[in-house]
Amino acid sequence: MPEDQALLEVDALEVHFPVYSRGVLRRQIATVQAVDGVTLEIRRGETLGLVGESGCGKTTTGMAILRLVQPTGGAVVFDSVDVGALDKGQMRRLRRRMAMIFQDPYASLDPRMTIGDIVAEPLRIHGLHEGKEARTRRVADLLDMVGLNPDYRDRFPHEFSGGQRQRVGIARALATEPDFIVCDEPIAALDVSIQAQVMNLLEDLQDELGLTYLFIAHDLSAVQHLADRIAVMYLGRIVEVVDRDQAVAGFTHPYSESLLSAVPVPDPKIERHRERILLEGDVPSPLNPPSGCHFRTRCRYAFDQCATDDPELRELDDGRLVACHLYA
Ligand code: SF4
């Protein structure tokens, strides 16, 4: 498959969770619109950064793509296969090609299992490298690949640092030789001193194994250097998609601009004089998102149309995609 062809296509993906009343007569009283019509594509071998504040639906989007939560609408096509049309057995086979690295290496590893067993678990589930010897060899290779001594395989997660535990999580994600990995804020819970090491490891593994990443982060600085393209998400929707060069030129959507203004600039002279856009208030609840543009209650440019019409994601002259009535 040519590199510029999409490995993953997500079309109008929705994940709405019903909220029920308490008591005997449970009835649906509301809907949480966690993911509300997300459309994006990821090309083979590329990294798409998905950025937005906590609670905006990034992780749910990643999990819905992998069918770890059930979408309530839209389509996911992986390597030309409509994932929604697969039965359980077909989905299980496809899932070998997709993996997830979780944010919290403390919570995502079972403390009662040795790291050897943790890394071997996906091999057991998918019937790969059968037989004790073959499996032990594969686990040793995986630990070595992520920079851990294979002799540590009989140790437990609590014997490792945060960075080492995240390496175990990465080894587990690589076990089934996936093509595509959702990296869900993989460095957010780590000390700043080891964040760069884990980022470098993910980059090296991508080069070596031809991996495709959806890299989720809550701030732009975490994805600016790694991502080939960046999608900005606000309250369940994608509001802007830019490639690396466009990102260097700046962002266009008012929400992306505010995220960018929060990223420190290394030059102290520029840092002292640049404008910071502070957003008022919290992200509105996905239980009751604002009408029209979801960002309108915090947008300094909002005007009448923003309260009535949903802005569509449109391509601008320079190729970036923006959902804002200012650019209609
Ligand atoms: Fe602001 Fe309106 Fe654009 Fe939404 S559509 S970002 S409220 S100007």
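The present account deals with the structure reproduced in this document. (Residues numbered from 1 in each chain as written. Predicted model: local features only at pLDDT ≥ 70, side-chain atom pairs only at ≥ 80, totals over all residues. Heavy atoms only, no water.)

### Let's talk about the nonpolar core
Working step 1: Residues I170, L174, I181, L220, V223 and I230 are the most contacted members of the largest nonpolar core, which totals 57 residues.
Working step 2: Tallying contributions element by element places helix α6 (residues 192-209) first for this core, with six residues.
Working step 3: Look past the residues within four positions of I181 in its chain and what remains in contact with it is A99, M100, I101, L174, L211, T212, Y213 and L214.
Working step 4: One finds V35, L40, V76 and M98 within the second-largest nonpolar core, a separate group that totals 31 residues. (Core = buried A, V, L, I, M, F, W, Y, C linked by side-chain atoms within 4.5 Å. Buried < 20%, exposed > 50% of the residue type's maximum accessible area, 1.4 Å probe, protein only. Helix = DSSP H or I, 4+ residues; strand = E, 2+ residues; numbered from the N terminus. Contact = heavy atoms within 4.5 Å.)

### Let's talk about a nonpolar patch on the surface
Working step 1: Taken together, Y301, F303, L326 and Y327 make up a surface patch of nonpolar side chains, about 350 Å² in accessible area.
Working step 2: Take L326: it is sitting in the segment after β12 (321-322). (Patch = residues over 30% accessible without salt bridge, like charges linked within 9 Å, V, L, I, M, F, W, Y side chains within 5 Å. Areas by Shrake-Rupley, 256 points an atom, 1.4 Å probe, with all protein chains shown as cover. Salt bridge = Lys/Arg side-chain N within 4 Å of Asp/Glu carboxyl O.)

### Details of the side chain of R298
Working step 1: If you trace the backbone, R298 turns up in the loop between α9 (268-273) and α10 (304-308).
Working step 2: A relative accessible area of 10% places R298 in the buried class.
Working step 3: A polar side-chain atom of R298 sits 3.3 Å from a polar atom in the side chain of Y234.
Working step 4: For R298, the contacting residues outside a window of four places in its chain are E53, Y234, L279, E280, G281, D282, V283 and P284. (Polar contact = N/O pair within 3.5 Å; in protein donor to acceptor, adjacent residues only side chain to side chain.)

### A word on helix α8 (residues 254-261)
Working step 1: Counting buried positions along α8 yields six of eight residues, so the element is predominantly enclosed.
Working step 2: Elements that come into contact with the buried residues of α8 comprise β3 (47-51), β9 (229-234) and β10 (237-243).

### Re a negative patch on the surface
Working step 1: Residues E203, D204, D207 and E208 make up a contiguous surface patch of negative charge.
Working step 2: Relative accessible area serves as the criterion here: at 64%, D207 is assigned to the exposed category. (Lys, Arg positive; Asp, Glu negative; His and termini not counted. Charge placed at Lys NZ, Arg CZ, Asp CG, Glu CD.)

### Topic: empty space enclosed by the protein
Working step 1: Under the defined criterion, the tally for this structure stands at one cavity of 30 Å³ or more.
Working step 2: The volume enclosed by the largest cavity comes to roughly 100 Å³.
Working step 3: Along the wall of the largest cavity there are 14 residues; nearest its centre are C293, C299, C306, C324 and H325.
Working step 4: The class makeup of the residues in the lining of the largest cavity is eleven nonpolar, two polar and one charged. (1 Å grid on protein atoms, 1.4 Å probe; cavity = no way out; pocket = protein on both sides within 12 Å on 5 of 7 lines; lining within 4 Å. Points joined across faces, edges and corners; volume = space filled by probe spheres on them. Nonpolar A, V, L, I, M, F, W, Y, C, P; charged D, E, K, R; others polar.)

### So, the packing of helix α3 (residues 115-125) against helix α4 (residues 132-145)
Working step 1: Running from N to C, α3 and α4 cross one another at 115°; their axes reach a closest spacing of 10 Å. Between α3 and α4, the interaxial angle falls into the category roughly perpendicular. Judged by the sense of rotation from one axis to the other, the crossing of α3 with α4 is right-handed. When α3 is examined against α4, the residues I115, G116, V119, A120, L123 and R124 are found in contact with a partner set consisting of R135, R138, V139, L142 and L143.
Working step 2: For the contact of α3 with α4, the per-class residue count stands at seven nonpolar, one polar and three charged. (Axes fitted to C-alpha atoms, helices over the stretch in contact; angles between N-to-C directions. Parallel < 35°, antiparallel > 145°, perpendicular 65-115°, else oblique. Left-handed = near helix turned anticlockwise from the far one by under 90°.)

### Description of the pattern of salt bridges
Working step 1: Tallied over the entire structure, the rule returns 16 salt bridges.
Working step 2: For D179, the salt bridge goes to R97, with nearest N and O atoms at 2.6 Å. Note that D179 is positioned in the loop between α5 (162-174) and β7 (180-184) and R97 in the loop between α2 (88-95) and β6 (98-101), a separation of 82 residues in sequence.
Working step 3: Looking at R97, the relative accessible area reads 26%, which means it is partly exposed.
Working step 4: The shortest N-O distance in the salt bridge between D310 and R237 comes to 3.4 Å.

### A word on the sheet that holds strand β8 (residues 212-217)
Working step 1: Read across the sheet, eight strands follow the order β6-β7-β8-β3-β9-β10-β12-β11 without closing on themselves; strand pairing throughout is mixed. The sheet terminates laterally at β6 and β11 (314-315), the two strands that pair on one side only.
Working step 2: Here two bridges tie β11 to β12, and the two strands are oriented antiparallel to one another. Bridging across to β12, E315 finds its partner in L321. (Pairing = 2+ DSSP bridges.)

### Side note on the layout of surface pockets
Working step 1: Roughly 420 Å³ of volume is contained in the largest pocket.
Working step 2: Along its surface, the largest pocket is lined by 16 residues, and R95, M98, A99, M100 and P122 are the ones closest to its centre.
Working step 3: At the level of elements, α2, β6, α3 and α5 are the ones that each hand at least two residues to the lining of the largest pocket.
Working step 4: Its residues placed into classes, the lining of the largest pocket shows nine nonpolar, three polar and four charged.
Working step 5: Roughly 330 Å³ of volume is contained in the second largest pocket.
Working step 6: Taken together, 19 residues make up the lining of the second largest pocket; nearest its centre are I187, Q195, M199, S221 and A222.
Working step 7: Sorting elements by how many residues they give to the lining of the second largest pocket places α6 first, with six residues.
Working step 8: Looking at side-chain class alone, the lining of the second largest pocket contains ten nonpolar, six polar and three charged residues.

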